[in-house]
Amino acid sequence: MIYMRSDIIMLGKMAGYQVAGIYAAASQISEACTLLPVAVMPAIFPVLVRWRRLGPDFYKRQFERLFLIAAAGGFVFSLSLTFAAPILVTVLFGPSYLLAANVLVVHGWTILFIFIGITQSGYDITEGLTWFASFRTFTGAALNIALNLVLIPKHGAVGSAVATLVAQIFSAVLLNALHPRTRP
């Protein structure tokens, strides 16, 4: 929530409430696309625990498949939004919000990393790494705010979407390099 809401607040204060409204329209569409993995992960958590009990090799293979499915699903959503953004924005919000399509094209790519991050959360819980997940989330949020301070004055809502995308990449993927148990 910090990722999404800090952007809107910062845009409102730094670029104006009209720009914040454009960003909010785009982010509502991309946030709606993340509801599927958010709903599925708690349902499959018992399966993750069962995989772990069946041995480390099986557990690793199954999680690799799950990450691949998450990445593929996120990629499909992101790519679809890239091409459908103008139509979706016009249909859902009207032609006066067409500027939100540019924001949605960039912001939509966060879906790929959100899908990976949600899958990562299942791994973090089964491996007892929730403290590291909190560290990644906090670091990602701080990076998002810092990048917003730099990008909003020059690029407005699209800059804020870029800040969110970069922060999601760091939080969901790159920060895993810092801990030996999340590197695989």
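Values in this document were obtained by computation on a predicted structure and should not be read as measured data.

1. Details of the overall build of the protein
Alright, step 1. When you go through the protein residue by residue, the secondary structure sums to seven helices and zero strands.
Alright, step 2. For the protein, the N- to C-terminal ordering of α and β elements is α-α-α-α-α-α-α.
Alright, step 3. Expected size for 184 residues packed as a compact globule is a radius of gyration near 16 Å; at 17 Å, the protein falls within 12% of this value.
Alright, step 4. Structurally, the protein occupies a C-alpha span of about 55 × 30 × 20 Å along its principal axes.
Alright, step 5. Every one of the 184 residues in the protein was classed for burial, and the buried ones make up 45%.
Alright, step 6. For the protein, the share of sequence-separated contacts (at least 6 apart) that also reach a separation of at least 24 residues comes to 76%.
Alright, step 7. Just so you have it, the protein exposes about 9,500 Å², and 73% of that area is on carbon and sulfur atoms.

2. Structural notes on the packing of helix α2 (residues 17-33) against helix α5 (residues 100-107)
Alright, step 1. Where α2 meets α5, the closest approach of the two axes is 8 Å, and the angle between their N-to-C directions is 45°. Compared by their axis directions, α2 and α5 come out oblique. Seen along the crossing, α2 lies across α5 with a hand that is right-handed. For the pair α2 and α5, contact is made by I22, Y23, A25, A26, S27, I29 and S30 and by A100, V103, L104 and H107, respectively.
Alright, step 2. Residue composition of the contact of α2 with α5, grouped by class: eight nonpolar, three polar and no charged.

3. Things to note about the nonpolar core
Alright, step 1. In this structure, V103 and L104 are the most contacted members of the largest nonpolar core, which totals 28 residues.
Alright, step 2. At the level of secondary structure, the elements contributing two or more residues to this core comprise α1 (2-14), α2, α4 (56-93), α5, α6 (110-126) and α7 (130-172).
Alright, step 3. Residues within four places of L104 in sequence aside, it is in contact with A26, I29, S30, L81, A85 and V89.
Alright, step 4. Listed in part, the eleven residues of the second largest apolar core include L48, W51, L66 and Y123.

4. Quick word on the packing of aromatic side chains
Alright, step 1. According to the stated counting rule, one finds ten aromatic pairs in the structure shown.
Alright, step 2. When the ring of F63 is compared with that of Y123, the centres are 5.4 Å apart and the planes differ by 90°; the resulting orientation is edge-to-face. Separated by 60 residues along the polypeptide, F63 in helix α4 and Y123 in helix α6 bring together distant segments of the chain.
Alright, step 3. By relative accessible area, which is 4% here, F63 ends up buried.
Alright, step 4. Look at Y123 and you get buried, because its relative accessible area is 14%.
Alright, step 5. Site record: aromatic cluster; members linked through ring pairs are W51, Y59, F63, F67 and Y123.
Alright, step 6. It is R52 that lies over the ring of Y59; its NZ or CZ is 6.0 Å from the centre.

5. Brief notes about the layout of surface pockets
Alright, step 1. Its boundaries defined by the atoms lining it, the second largest pocket holds a volume of some 430 Å³.
Alright, step 2. Taken together, 18 residues line the second largest pocket, and the ones lying closest to its centre are F63, F67, Y123, T182 and P184.
Alright, step 3. Those elements that place two or more of their residues in the lining of the second largest pocket are α4 and α6.
Alright, step 4. If you tally residues by element for the lining of the second largest pocket, the top one is α4, at six residues.
Alright, step 5. By residue class, the composition of the lining of the second largest pocket is nine nonpolar, three polar and six charged.

6. Some details on α5
Alright, step 1. For α5, a buried count of six out of eight residues is recorded, marking the element as mostly surrounded by other parts of the structure.
Alright, step 2. Among the residues of α5, those classed as buried are A100, A101, V103, L104, V106 and H107.

Criteria and thresholds
- Residues numbered from 1 in each chain as written.
- Predicted model: local features only at pLDDT ≥ 70, side-chain atom pairs only at ≥ 80, totals over all residues.
- Heavy atoms only, no water.
- Helix = DSSP H or I, 4+ residues; strand = E, 2+ residues; numbered from the N terminus.
- Rg over C-alpha atoms; globule rule 2.2 N^0.38 Å.
- Buried < 20%, exposed > 50% of the residue type's maximum accessible area, 1.4 Å probe, protein only.
- Contact = heavy atoms within 4.5 Å.
- Areas by Shrake-Rupley, 256 points an atom, 1.4 Å probe, with all protein chains shown as cover.
- Axes fitted to C-alpha atoms, helices over the stretch in contact; angles between N-to-C directions.
- Parallel < 35°, antiparallel > 145°, perpendicular 65-115°, else oblique.
- Left-handed = near helix turned anticlockwise from the far one by under 90°.
- Nonpolar A, V, L, I, M, F, W, Y, C, P; charged D, E, K, R; others polar.
- Core = buried A, V, L, I, M, F, W, Y, C linked by side-chain atoms within 4.5 Å.
- Phe/Tyr/Trp six-rings, centres within 6.5 Å; stacked < 30°, edge-to-face > 60°.
- Lys NZ or Arg CZ within 6 Å of the ring centre and 35° of its normal.
- 1 Å grid on protein atoms, 1.4 Å probe; cavity = no way out; pocket = protein on both sides within 12 Å on 5 of 7 lines; lining within 4 Å.
- Points joined across faces, edges and corners; volume = space filled by probe spheres on them.

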